[in-house]
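# Examination of the molecular architecture
The chain contents come next:
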Amino acid sequence: QVQVEESGGGSVQPGGSLRLSCVGSGFTFTNYYMTWFRQAPGKEREGVAAISPDFGATYINDSRKGRFAVSRDNAKNTLYLQMNNLTVEDTAMYYCAAGFYRWGFRPLQLDDYTAWGQGTQVTVSS
């Protein structure tokens, strides 16, 4: 079964940094598009950053560009999200998602993803 598991969340002060990891199993990692989503209380789940099997990266929101960076290590079946200069509004549950990379795949559509992790909490507070 296609599975992913996140780690690396925690509590930090504004301006701090965190590096999230997501390990995939049960699938050919190089065939899957990998994306980070997040969801804050009372808000809808939103895309944060995504990276294709050929290592192309897409940042969903320009406000995060330059602060967040997504990468993947296919040899280790691992997805990463480096987050710098964190702000209070970055507080959310962060989810890793894997989607089979096929014709018509839509990176921003939740239904196009095969597996979701349980999430890792990121809390930014003074």
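Residues numbered from 1 in each chain as written. Predicted model: local features only at pLDDT ≥ 70, side-chain atom pairs only at ≥ 80, totals over all residues. Heavy atoms only, no water.

## Some words on the nonpolar core
Quick note on the threshold: What is meant by a nonpolar core is a set of buried Ala, Val, Leu, Ile, Met, Phe, Trp, Tyr and Cys residues, joined one to another through side-chain atoms within 4.5 Å. Only protein chains enter the area calculation, which uses a 1.4 Å probe; residues under 20% of their type maximum are buried, those over 50% are exposed, and those in between are partly exposed. Only DSSP runs of H or I reaching four residues or more are called helices, and only runs of E reaching two or more are called strands; each is numbered from the N terminus. In this analysis, two residues are considered to be in contact whenever any of their non-hydrogen atoms come within 4.5 Å of each other.
Counting 28 residues, the largest nonpolar core has Met34, Trp36, Leu79, Leu81, Met83 and Tyr94 as the members making the most contacts within it. For this core, the secondary structure elements donating two or more residues are strand E3 (18–25), strand E4 (32–39), strand E5 (46–51), strand E7 (68–73), strand E8 (78–83), strand E9 (92–100) and strand E11 (120–124). Top contributing element to this core by residue count: E9, with four residues. Setting aside its immediate chain neighbours within four residues, methionine 34 contacts Val4, Cys22, Phe29, Ala49, Ala50, Ile51, Arg72, Leu79, Cys96, Ala97 and Ala98. Core analysis: the next-biggest nonpolar cluster, separate from the first, contains six residues, Tyr33, Phe37, Ala97 and Phe105 among them.

## Considering the environment of arginine 67
Test applied: Here a polar contact is taken to be a pair of N or O atoms separated by no more than 3.5 Å, where protein atoms must pair a possible hydrogen donor with a possible acceptor and residues adjacent in sequence count only if both atoms sit in side chains.
By secondary structure assignment, the location of arginine 67 is in the loop between strand E6 (57–59) and E7. Between the C-alpha atoms of arginine 67 and aspartate 112, which are 45 residues apart in sequence, the distance is 26 Å. When sequence neighbours within four positions are dropped, the list of residues in contact with arginine 67 reads Gln82, Met83, Asn84, Asn85, Leu86, Thr87 and Asp90. Within polar-contact distance, the side chain of arginine 67 engages the side chain of aspartate 90 at 2.9 Å.

## Considerations on the pairing of E7
Regular strands place side chains that alternate from one sheet face to the opposite one. To be explicit about the condition: Should DSSP find at least two bridges between two strands, the strands are taken to pair.
Of the two faces of E7, the one lined by Phe68, Val70 and Arg72 is fully buried and the one lined by Ala69, Ser71 and Asp73 carries no buried residue. Note that E7 and E8 share six bridges and pair antiparallel. Bridge pairing links serine 71 to tyrosine 80 in E8. In this structure, the hairpin formed by E7 and E8 is closed by a connection of four residues, where asparagine 77 is found at a positive phi of approximately 50 degrees.

## Topic: the pairing of strand E1 (residues 3–7)
Burial of the side chains of E1 is restricted to one face: Val4 and Glu6 are buried, whereas none of Gln3, Glu5 and Ser7 on the reverse face is. The sheet contact formed by E1 and E3 spans five bridges and is antiparallel. In the sheet register, valine 4 faces E3, and the bridge partner there is glycine 24.

## Points about the environment of aspartate 112
Mapping aspartate 112 onto the fold places it in the loop between E9 and strand E10 (115–116). Once the C-alpha coordinates of aspartate 112 and lysine 65 are considered, the two residues, 47 residues apart in sequence, prove to be 24 Å apart. Apart from the residues within four sequence positions on either side, aspartate 112 is in contact with Gly99, Arg102, Gly104, Phe105 and Arg106. Within the structure, aspartate 112 has its side chain in polar contact with the backbone nitrogen of arginine 106 (distance 2.8 Å).

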